[in-house]
Amino acid sequence: MSAWQKIKTVATFEFLSAVKRPGYLIATFGMPLFMAAYGAVVAVPAYIADKGSRAAASVYGVVDEPGVLRLSGDLNVGKQSPISEEMRRALEAAGQGQALERALDNFVFRPYTSRDEAHAALAARHLKGYFVIPQNYLRDGRLDVYTPDSFNVSGSDSRNALSDLLRRRLVEQRLDPALSARVVKPIERTRRFAVTRNGEVRDGGSTASILRFAVPLVFMVLFLISVLMTSGYLMQGTATEKENKVVDVLLASANPDQILAGKLLGLGGAGLLQISVWLTMLMVTGVGVVPLLMSARVDVPWLALALAAPFFVIAFLFFGGLMLGTGSLGTNMREAQQLAMVWSLTAAAPLMMMAVLIREPNGLVAKVMTWVPFTAGPVVILRASNDASQLAWWEIAGSLLVLVGATWLGLRLGARLFRIGLLSAGARPTLREIVRQARLTS
Amino acid sequence: MSTPVVIFDTIEKAYGQIVALRGVSFDVNSGEIFGLLGPNGAGKSTLIRILMDIIRADKGRVMVFGEPRSRVHLDRLGYLPEERGLYTKLAVVDVMTYFGALKGLSRAEARRRSLAWLEKVELPHVATWKVDRLSKGMSQKVQIASILLSDPDVCVLDEPTTGLDPVNVQMVQDLLLERRRNGRTTILSTHHMSQVEELCDRVALINQGQLMVYGEVDEVRRRYSLPEVRVHARGPLPHVPAVARTTDEGEGSWRILLSDGTPPHEVLAALVASGACVDRFEPLLAPMEDIFVRVVKEGRA
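Cut-offs applied
Residues numbered from 1 in each chain as written. Chains lettered and ligands numbered in written order. Predicted model: local features only at pLDDT ≥ 70, side-chain atom pairs only at ≥ 80, totals over all residues. Heavy atoms only, no water. Helix = DSSP H or I, 4+ residues; strand = E, 2+ residues; numbered from the N terminus. Buried < 20%, exposed > 50% of the residue type's maximum accessible area, 1.4 Å probe, protein only. Contact = heavy atoms within 4.5 Å. Areas by Shrake-Rupley, 256 points an atom, 1.4 Å probe, with all protein chains shown as cover. Lys, Arg positive; Asp, Glu negative; His and termini not counted. Charge placed at Lys NZ, Arg CZ, Asp CG, Glu CD. pLDDT = per-residue confidence, 0-100. Buried area = accessible area lost by both parts, 1.4 Å probe. Salt bridge = Lys/Arg side-chain N within 4 Å of Asp/Glu carboxyl O. Polar contact = N/O pair within 3.5 Å; in protein donor to acceptor, adjacent residues only side chain to side chain. Phe/Tyr/Trp six-rings, centres within 6.5 Å; stacked < 30°, edge-to-face > 60°. Pairing = 2+ DSSP bridges. Axes fitted to C-alpha atoms, helices over the stretch in contact; angles between N-to-C directions. Core = buried A, V, L, I, M, F, W, Y, C linked by side-chain atoms within 4.5 Å. Parallel < 35°, antiparallel > 145°, perpendicular 65-115°, else oblique. Left-handed = near helix turned anticlockwise from the far one by under 90°.

Student: Any details on the overall build of chain B? Residues and values, ideally.
Tutor: Helix and strand content of chain B: 9 helices and 14 strands. C-alpha atoms of chain B, sized along the principal axes, occupy 70 × 45 × 35 Å. Within chain B, the proportion of its 301 residues that are buried is 52%. Looking at chain B alone, contacts between residues at least 24 apart form 65% of all its contacts between residues at least 6 apart. When the accessible area of chain B is evaluated, it comes to approximately 13800 Å², of which 50% is carbon and sulfur surface. Chain B carries 38 positive and 39 negative side-chain charges, and their two centres are separated by 6 Å.

So, in structure tokens, the structure goes:
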């Protein structure tokens, strides 16, 4: 029987054993439902409250002592939002126009002739608040704002709406309409362009480049989740075999390298299947994101996407081998997890250094991390996603080569530790014992 | 003439300061049931694990099927360890299929044989049971069936009958005899000396990491026996020459210790010539139990 057949046999057994477990099925299909239910529990009351509060316009009183606003009755200033034009277009294209509409505040300014009158209306909670424009406003630009004594988060929006209104009223009829419009709103809209180091001009809109940031981020998060989750399965499986005393039977049928590789493939496959199910469910429910991306003329980082799969699988095997080997030295599940913790933290390093990497994706730190097997995968994807022209082909090839070599070494080391761990009974072997056994098994 | 299928050649192994094996050498022949004997901690399990390539010897070599033992031979070797178990949360037939597949059988063939072996060990109804539902005896039989279903050329069974009732012990012994009839080799490690006398062709007894006794069971027993015979006769037993001592065991049975160098047939001839009515005459061989105890005690002394 060939080595590959042994690996396949172990992998098939481990995969089927894992996916048939009730715990696995509950986690795979129950987790998205749980998250959806959790989201609903949190979001529904907030939505209902929000809907109630936004159904009517927010009415603010204005006591205009110098008469700069010249209000003769309620003035609806319309929807106010800080959302950019391109994002607004994208949301509307994604069929989220109604949601956008709901998200915007509608302010009404109601004139009052005296502070007392406005004060009484606020005390009776007929107003969300009121502004007093004092007599000397034009000289010192000061406003008084009165709000209820409860928590209020919409204060700045109403102030901005009033500011816009003040600007408009102060300049109209004193300047020509075009100049007046620019004074009120100096920048109506912007178009952004990004220039690469090669001089190429690309769409530089913030939404257009969203994928360039999202691809490496999703890669890092998914990678970390996969490594942590699968290592849990791996260590659980090994602990079970020790507990059930099937270790000698296994080792009398296949060598530790084959068992380790089979476990990695089988349980790794189960872990990846779980993530795929979650991703699929997420994509099915979030299908509206596709027109959003299309409309926003998203710049797809094809090279990063193409490299994601091979780097993911190889880096996964690299960490999996090390974690399983180290974890198998533990005498129980908790100890195994503690021992494998060092690899979990290492796998999380690129995510923890995300801020530095995004600021300087082709800086010295990123370039060095490209060649370190522990960080190569996520960093190469980040660099390829940010600006593929700055990532030389030899860097990609070299990084992949380093990672493959390190994976081979990691699997060998993992297999050796795995054998020592499997054969050790009772107390955890000391470092000296591990070194001695490693020499004997070489 | 039988050919050796396993050769241990001056095997040495130490765990730190503790020496487990000191230059152990012996052969196991094709188609025999070979008894590997020794007290607890003698080094038997270490030797078996070296044969199965689970651990490596410090010195010496192991030959299997005429070649230096390597991983390619594992499919032809079976091993039932003393410390053994099954995956408790899985169905019996799934575990057996897995063990069979690991020995090179296709999944379909491994499953077919698993079901056949469950019939053979009288447990066809447990195929779909989770392993943790099995009683200790059932689990023991499933473990043995799991190892034997791949029909390995050489199988090492470490205490296969521990915890089994006499009926099931007999069943396991019958399985071993069937393997011998089919030309398969079995290395049996056991502390049940009656089983050794009943089943084994040859034995090796290891004590404190050294090979103390090695050879055919009858030859070993003769080697460690006193020159004694048991005679069943009607009437009194006449005195004959060359007899050192006669012990009356009652009910017409006598135990006769011969003088040094006297062949038993001469005593029989003398008894018949003296008019004794002899119904049965048998040379007495030392029981393996006595040999085991004697060798181990001598080793300690």
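Anyway, onward from the coordinates.
Student: Go over the overall build of chain A, please, and point to the residues and values.
Tutor: Helix and strand counts for chain A stand at 19 helices and 7 strands. Each of the 442 residues in chain A was classed as buried or not, and the buried ones make up 42%. Working note: accessible area of chain A is about 23100 Å², and carbon and sulfur atoms make up 64% of it.

Student: Any chance you could break down the environment of serine 259 of chain B for me, citing the residues and the numbers?
Tutor: All names here are of chain B. Positionally, serine 259 belongs in the loop between β13 (253-258) and α8 (264-273). Overall, the relative accessible area of 25% leaves serine 259 in the partly exposed class. When the C-alpha atoms of serine 259 and glutamate 109 are compared, they prove to be 62 Å apart, with 150 residues separating the residues in sequence. Not counting chain neighbours up to four residues away, the residues in contact with serine 259 comprise Ala242, Val243 and Ala244.

Student: Which residues make up the confidence of the model for chain B, and what values go with them?
Tutor: Averaged over every residue, the pLDDT of chain B is 90; residues scoring 70 or more account for 100%. Overall fold confidence for the complex sits at a pTM of 0.71, while the interface term, ipTM, reaches 0.82.

Student: Could you give me a rundown of the interface of chain B and chain A, with the residues and numbers involved?
Tutor: For an interface, size is often stated in terms of accessible area lost upon the parts coming together. Listed as interface residues are 32 residues of chain B and, on the opposing side, 26 residues of chain A. For the pair chain B and chain A, the summed buried surface comes to about 2600 Å²; carbon and sulfur atoms form 58% of the total. On the chain B side of the interface with chain A, the three residues burying the most area are Tyr87, Tyr98 and Leu102 of chain B, jointly 23% of the side's total. For the pair chain B and chain A, the interface holds 3 salt bridges. In this structure, the connection of chain B to chain A is made through 6 residue pairs in polar contact (both at pLDDT 80 or more). Breaking the side of chain B that touches chain A down by element, the ones donating at least two residues are β1 (4-15) and α2 (92-102) of chain B. Considering every element that reaches the side of chain B that touches chain A, the biggest residue donor is α2 of chain B, with 5 residues.

Student: Give me the lowdown on the packing of aromatic side chains, citing residues and values where you can.
Tutor: Here a ring pair, both rings aromatic, is described through the centre-centre distance and the interplanar angle of the planes. All names here are of chain A. Inspection of every chain in the model, using the stated rule, returns 23 aromatic pairs over all chains. Note on tyrosine 60 and phenylalanine 131: the rings are 5.8 Å apart at their centroids and 35° apart in plane angle, and the pair reads as tilted. Taken together, the residues tyrosine 60 in strand β1 (residues 58-64) and phenylalanine 131 in strand β4 (residues 129-133) connect sequence positions 71 residues apart. The buried category is assigned to tyrosine 60, whose relative accessible area is 2%.

Student: Could you give me a rundown of the environment of alanine 40 of chain A, with the residues and numbers involved?
Tutor: Topologically, alanine 40 of chain A is positioned in helix α2 (residues 22-55). Put simply, alanine 40 of chain A and alanine 239 of chain A are 199 residues apart on the chain and 38 Å apart in space, counted from C-alpha to C-alpha.

Student: Any chance you could break down helix α1 (residues 44-51) of chain B for me, citing the residues and the numbers?
Tutor: With respect to burial, α1 of chain B is a largely interior element, 6 of its 8 residues being buried. One or two steps after α1 of chain B, the chain reaches aspartate 53 of chain B, where phi turns positive at roughly 65°.

Student: Residue-level account of the environment of proline 241 of chain B, with values.
Tutor: Residues and elements named next belong to chain B. Within the fold, proline 241 resides in the loop between β11 (228-234) and β12 (243-250). Owing to a relative accessible area of 63%, proline 241 belongs among the exposed residues under this scheme. Put simply, proline 241 and arginine 133 are 108 residues apart on the chain and 66 Å apart in space, counted from C-alpha to C-alpha.

Student: So what's going on with the sheet that holds β12 of chain B? Residues and values would help.
Tutor: All names here are of chain B. Taken in spatial order, the 4 strands make up an open sheet running β12-β13-β11-β14, and their pairing is antiparallel. Looking along the sheet, the strands with just one partner apiece sit at the ends: β12 and β14 (277-284). Sheet twist, expressed as the average angle between the axes of neighbouring strands with direction ignored, equals 25°. The pairing of β11 with β14 spans 7 bridges and is antiparallel. Residue valine 231 lies in a different strand from β14, and its bridge partner there is phenylalanine 281. Here α8 sits on the sheet in contact with β11, β12, β13 and β14, set at roughly 165° to β14.

Student: Can you explain the nonpolar core? Please cite residues and give values.
Tutor: Phe26 and Met52 of chain B are the most contacted members of the largest nonpolar core, which totals 140 residues. Broken down by element, the residue count for this core peaks at 13 residues, all from helix α13 (residues 302-327) of chain A. Apart from the residues within four sequence positions on either side, methionine 52 of chain B is in contact with Leu251 and Ala252 of chain A together with Arg71, Leu74, Leu77, Gly78, Tyr79 and Val156 of chain B. Listed in part, the 15 residues of the second largest apolar core include Val62, Leu71, Phe131 and Ile133 of chain A.

Student: Help me get a handle on helix α17 (residues 376-386) of chain A, residues and values and all.
Tutor: Taking burial as the measure, the 11 residues of α17 of chain A include 10 buried ones, the bulk of the element. Within α17 of chain A the residues assigned to the buried category are Ala376, Gly377, Pro378, Val379, Val380, Ile381, Leu382, Arg383, Ala384 and Ser385 of chain A.

Student: Residue-level account of the packing of α13 of chain A against helix α14 (residues 333-352) of chain A, with values.
Tutor: Residue and element names in this part refer to chain A. Two elements in contact, α13 and α14, have axes whose closest approach is 8 Å; the angle formed by their N-to-C orientations is 155°. Put simply, α13 runs roughly antiparallel to α14. When you trace α13 past α14, the crossing you get is right-handed. Touching Phe319, Leu322, Met323, Thr326 and Gly327 of α13 are Ala336, Leu339, Ala340, Trp343, Ser344, Thr346 and Ala347, all from α14.

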